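Observations on the model geometry
For reference, the chains in residue letters:
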Amino acid sequence: MDETKARPKLSLKGKDIMPTLPEDRVMTNWGMLCCWWGMAIQLVLFIAGAQMYPALSPGMIVVAAIIGNVIVAFLLTLNGDIGFRYGITYSVYIRAAFGYIGAHVPSLIRALSAIFWFGYQTWFCAYAMDNIMFILTGYSNEWLLIIIFAVLQIWNMMHGSKAVALFEKYAAPLLMVVGVYILYLVLSEYHTTPGEILAIKGEGGISFGYCICAMMGHFMTMTLNIMEFTRIMKSPDPFKNS
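First things first, this report covers the structure right here in the doc. (Residues numbered from 1 in each chain as written. Predicted model: local features only at pLDDT ≥ 70, side-chain atom pairs only at ≥ 80, totals over all residues. Heavy atoms only, no water.)

1. Observations concerning the packing of aromatic side chains
Note the following rule: Any two rings among Phe, Tyr and Trp, with Trp reduced to its six-membered ring, count as a pair given centres within 6.5 Å; such a pair is stacked if its planes are under 30 degrees apart, edge-to-face if over 60, and tilted if neither. Each helix is a run of DSSP H or I of at least 4 residues and each strand a run of E of at least 2, with the numbering of both proceeding from the N terminus.
Evaluated as defined, the whole model comprises seven aromatic pairs. Pairing F116 with Y120 gives two aromatic rings, centres 6.1 Å apart and planes at 10°, and the pair type is stacked. One end of the pair is F116 and the other is Y120, both in helix α7 (residues 104–137) and four residues apart, which spans about a single turn. Taken together, a centroid distance of 6.1 Å and an interplanar angle of 45° make the contact between Y120 and W123 tilted. Of the two residues, Y120 and W123 are both situated in helix α7; the distance of three residues between them amounts to about one turn of the helix.

Okay, here's the thing in structure tokens:
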């Protein structure tokens, strides 16, 4: 029997993993900033911060959040440079370390964590919207909202990184506006100021380094496949970088 015929034919190419062409690079610096906002500003971050109090003071929690986000931003830049320079995806990039067959293992591990976050954040968003809907209308159906949000996210992802980047371009600034408004409502309701909140002392029991790690964890996984976005960033020399 001819071994060449029995051996499975492997393809190293696919339309979704080919290096981006100059015309595919549509994301601007502003678009990338909006994507970073969307990744950094999450409910998980606020939940993690709340868990650190009263062991740590609000001021230390804010500083830990800033340090954690800066560290992750640095790692995003390191890995994102690969996508920006060569227009390749995470699944192609890891072939250099794991080989064509071995690259499926880290890809699967990354996919499992992505599935978890997809489910958790879909539920969290549906839970929040269900409470808002109940307050406004008196009607509650959390399962229906979970299905709606899941379908919308899947539909968005089916259109690729460009669609996600376009959504973030408009959603991220809205997050900032809503966040500032919520802060205003909280300060007005409890008749306090940011200075008074930051002046509160911590009781101890949790290390500052642990808090930094907690603040990094909510989107650390994005440091692996950030090149999915940087590969579509506009380049000053598109012919050199594609």
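From this point on, the discussion continues.
2. Let's talk about unusual backbone geometry
Peptide bonds are trans in most cases, and residues, glycine excluded, mostly fall at negative phi. That bond from Y53 to P54 is cis: its omega, 15°, falls within 30 degrees of zero. Note that P54 resides in the loop between α3 (43–52) and α4 (58–86).

3. Some details on α4
For the record, the criterion: By this rule the span expected of a helix is its residue count minus one, scaled by 1.5 Å. Two axes enter the bend calculation: one fitted to the seven residues ending at the residue in question, the other to the seven starting there, and the bend is the angle between them.
The terminal C-alpha atoms of α4, which comprises 29 residues, lie 42 Å apart, in line with the 42 Å expected from a rise of 1.5 Å per residue. Along α4, the sharpest change in direction is near 30° and occurs at G80. Of the residues flanking the end of α4, it is G87, one or two places downstream, whose phi is positive at about 65°.

4. Observations concerning the pattern of salt bridges
Pairing between side chains of opposite charge can happen when the charged atoms of each approach one another. Note the following rule: A pair is scored as a salt bridge if a Lys or Arg side-chain nitrogen falls within 4 Å of a carboxyl oxygen belonging to Asp or Glu. Buried means the residue's accessible area, taken with a 1.4 Å probe over protein chains only, is under 20% of the maximum for its type, while exposed means over 50%, and partly exposed covers the values in between.
Applying the stated rule across the entire model yields one salt bridge. Note that R85 is salt-bridged to D81, the shortest N-O span being 2.7 Å. With R85 and D81 both in helix α4 and four residues apart, this pair spans about one turn of that helix. Taking the relative accessible area as the measure of exposure, D81 reaches 29% and is therefore partly exposed.

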